[in-house]
Amino acid sequence: GNMVEWCLPQDIDLEGVEFKSMASGSHKIQSDFIYFRKGLCFGLACFANMPVESELERGARMKSVGILSPSYTLLYRYMHFLENQVRHQLEMPGHYSHLEAFYDDKKGVLPDSKGTLTSQQPVHWLPSIHRYMYPEMKITHPAGCMSQFIKFFGEQILVLWKFALLRKRILIFSPPPVGVVCYRVYCCCCLANVSLPGLGGTVPESKPFFYVNVADIEMLETEVSYVACTTEKIFEEKRDLYDVYVDNQNVKTHHEHLQPLLKINNADKEKYRRLNDQRQMLMYSQEVGEDCSSCEEDLFILFFMEQNNRIFQTLMEVSASQDKTLTADHARGMGLDPQGDRSFLMDLLEVYGIDVMLVIDNPCCT
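Residues numbered from 1 in each chain as written. Predicted model: local features only at pLDDT ≥ 70, side-chain atom pairs only at ≥ 80, totals over all residues. Heavy atoms only, no water.

Visitor: Pulling in residues and values, what's your account of the overall build of the chain?
Guide: When you go through the chain residue by residue, the secondary structure sums to 12 helices and 10 strands. Within the chain, the fraction of its 366 residues that count as buried is 52%. Counted over contacts in the chain with a minimum sequence separation of 6, partners at least 24 positions apart contribute 65%. Accessible area of the chain: about 17,900 Å², with a carbon and sulfur share of 52%. (Helix = DSSP H or I, 4+ residues; strand = E, 2+ residues; numbered from the N terminus. Buried < 20%, exposed > 50% of the residue type's maximum accessible area, 1.4 Å probe, protein only. Contact = heavy atoms within 4.5 Å. Areas by Shrake-Rupley, 256 points an atom, 1.4 Å probe, with all protein chains shown as cover.)

Visitor: Please set out the nonpolar core residue by residue, giving values where relevant.
Guide: Among the nonpolar cores identified, the biggest contains 95 residues, and Tyr-35, Ile-157, Phe-312 and Leu-315 are the most heavily contacted of them. There are two domains that each give this core at least three residues, and those are domain 1 (15-103) and domain 2 (138-315). Of all hydrophobic cores here, the second largest spans 12 residues; its members include Leu-171, Phe-209, Tyr-226 and Tyr-245. (Core = buried A, V, L, I, M, F, W, Y, C linked by side-chain atoms within 4.5 Å. Domains from an automatic or database assignment.)

Visitor: Quick rundown of the sheet that holds strand β1 (residues 31-38)? Include the residues and the values.
Guide: The strand order across the open sheet formed by 3 strands is β1-β2-β3, and the pairing between neighbours is antiparallel. Among the strands making up the open sheet, the edge pair consists of β1 and β3 (60-69). Sheet twist, expressed as the average angle between the axes of neighbouring strands with direction ignored, equals 20°. Across 10 bridges, strand β2 (residues 41-51) lies against β3 in antiparallel orientation. Counterpart to Phe-42 in the pairing with β3 is Ser-69. (Pairing = 2+ DSSP bridges. Axes fitted to C-alpha atoms, helices over the stretch in contact; angles between N-to-C directions.)

Visitor: So, helix α5 (residues 145-153): which residues are in play, and what are the values?
Guide: In terms of burial, α5 is largely enclosed, as 7 of its 9 residues are buried. Considered for burial, the residues of α5 that qualify are Cys-145, Met-146, Ser-147, Phe-149, Ile-150, Phe-152 and Phe-153. The elements touched by buried residues of α5 are α6 (156-165), α7 (179-190), β7 (244-247), α9 (266-287) and α10 (296-320).

Visitor: Residues and numbers for the packing of α5 against α10, please.
Guide: In contact at an axis separation of 7 Å, α5 and α10 are set at 60° when each is read in the N-to-C sense. Between α5 and α10, the angle is such that the two are oblique. Where α5 abuts α10, its residues Cys-145, Met-146, Ser-147, Phe-149 and Ile-150 lie against Glu-296, Glu-297, Phe-300 and Ile-301. In terms of residue class, the contact of α5 with α10 is made up of 6 nonpolar, 1 polar and 2 charged. (Parallel < 35°, antiparallel > 145°, perpendicular 65-115°, else oblique. Nonpolar A, V, L, I, M, F, W, Y, C, P; charged D, E, K, R; others polar.)

Visitor: Lay out the pairing of strand β5 (residues 207-211) in plain terms, naming residues and giving numbers.
Guide: Taking burial as the measure, the 5 residues of β5 include 4 buried ones, the bulk of the element. In terms of strand pairing, β5 meets strand β6 (residues 226-230) through 4 bridges, oriented parallel. Residue pairing across strands places Phe-210 opposite Ala-228, the latter belonging to β6.

Visitor: Help me get a handle on the sheet that holds strand β4 (residues 169-173), residues and values and all.
Guide: With mixed pairing, the 5 strands of this open sheet are ordered in space as β5-β6-β4-β7-β8. Each edge of the sheet is formed by a strand with only one pairing partner; in this case those strands are β5 and β8 (250-253). Strand after strand, the sheet turns through a mean of 15° between neighbouring axes, direction not considered.

Visitor: So what's going on with the side chain of Thr-314? Residues and values would help.
Guide: In this fold, Thr-314 is placed in helix α10. Ignoring anything within four residues of it in the chain, the contact list for Thr-314 reads His-330 and Met-334.

Visitor: Let's hear about unusual backbone geometry: which residues, and what values?
Guide: Residue Leu-8 is joined to Pro-9 through a cis peptide bond whose omega torsion reads -10°. Tracing the chain through its elements places Pro-9 in the segment before α1 (17-20). The backbone of Phe-210 shows a phi angle near 55°, a positive value even though the residue is not glycine. Looking at the secondary structure, you find Phe-210 in strand β5. In this structure, Lys-324 is a non-glycine residue whose phi angle is positive, near 55°. Residue Lys-324 is classed as partly exposed on the basis of its relative accessible area of 28%.

Visitor: I'd love a proper account of the environment of Ser-24, names of residues and values included.
Guide: Along the polypeptide, Ser-24 turns up in the loop between α1 and β1. In this structure, the C-alpha to C-alpha distance between Ser-24 and Thr-231, residues 207 residues apart in sequence, is 6.1 Å. Aside from chain neighbours lying at most four places away, what touches Ser-24 is Pro-176, Tyr-211, Thr-231 and Glu-232.

Visitor: Any details on the state of the cysteines? Residues and values, ideally.
Guide: Tallied over the full model, the rule gives 0 disulfides. With no disulfide of its own, Cys-182 has Cys-229 as its nearest cysteine by sulfur position, at a separation of 4.0 Å. Looking at Cys-182, the relative accessible area reads 0%, which means it is buried. (Disulfide = S-S within 2.5 Å.)

Geometric values such as these leave the question of function open.
And the structure:
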């Protein structure tokens, strides 16, 4: 099995981190990176695999070098350092001076002096961007991560958007390498950003758990909302742990009442067309040199944030009105399909506790 070979500080609780920082099935690949969560902290580890002529190591030496931080947004800065260090550890095992110097330079105040990560304090992670997302975005991911997400899922991102907005438990399966799948987790969380004040104080946070494995089952059983990825196929059978299972581009749910949300309707197609039109315009303006300041990542984040703000602004206005009646015209004004999005709207009202009467007729036949 995996083991923690070295760490600083030495008294920190790292139980299970040896499995979080090296994805199951990694022995089949040469290198990878992996985001994960440990208590209140987020981790980033870089993995590498090197053939060696040693019977004791069964012909291969595999290591991960990782860091933990209370902030997810800072981790990407140190990817290059970790990649160099894991290579260094493979070639010169046991030489930790660079890691010690890194720790001494970067160490902050941990949640408590014993190094145990208690769960009483609030976790501040990026998609609480209700308040302060913007300047930090630039350092959290590589350029192109959002565009790859859009190309990979196509119109299906509108299905994921609805599930993310409803704070469902979303589990993404993929064989290794898992690094790019960790970015899909991040992109999924970004679909649900809302910047309206006073919304969703009682709504569960849609948490990015990044990589999870069988050692995390007990923890996942207690979560009401999360987005995570795994390389372990066994999770598919554990239906009580997730609401939505994503296998490659295939998005599915075993909950009957969520099945209608899997269908792409006309309003979804229109949103996807608008998103692509905006991307094309951005690319054109960059080509002709007019606009170098905005990027595709910003466009993606703002597109969904504006869409979400429009929906909740309308719902809150209707709930504050005298008759509290939500009509088909309201639905169309929010960019939704009055019929195709009826069950989505009903779930949304329930999850966010918005007091509105839906008078969109549900057709008896289609």
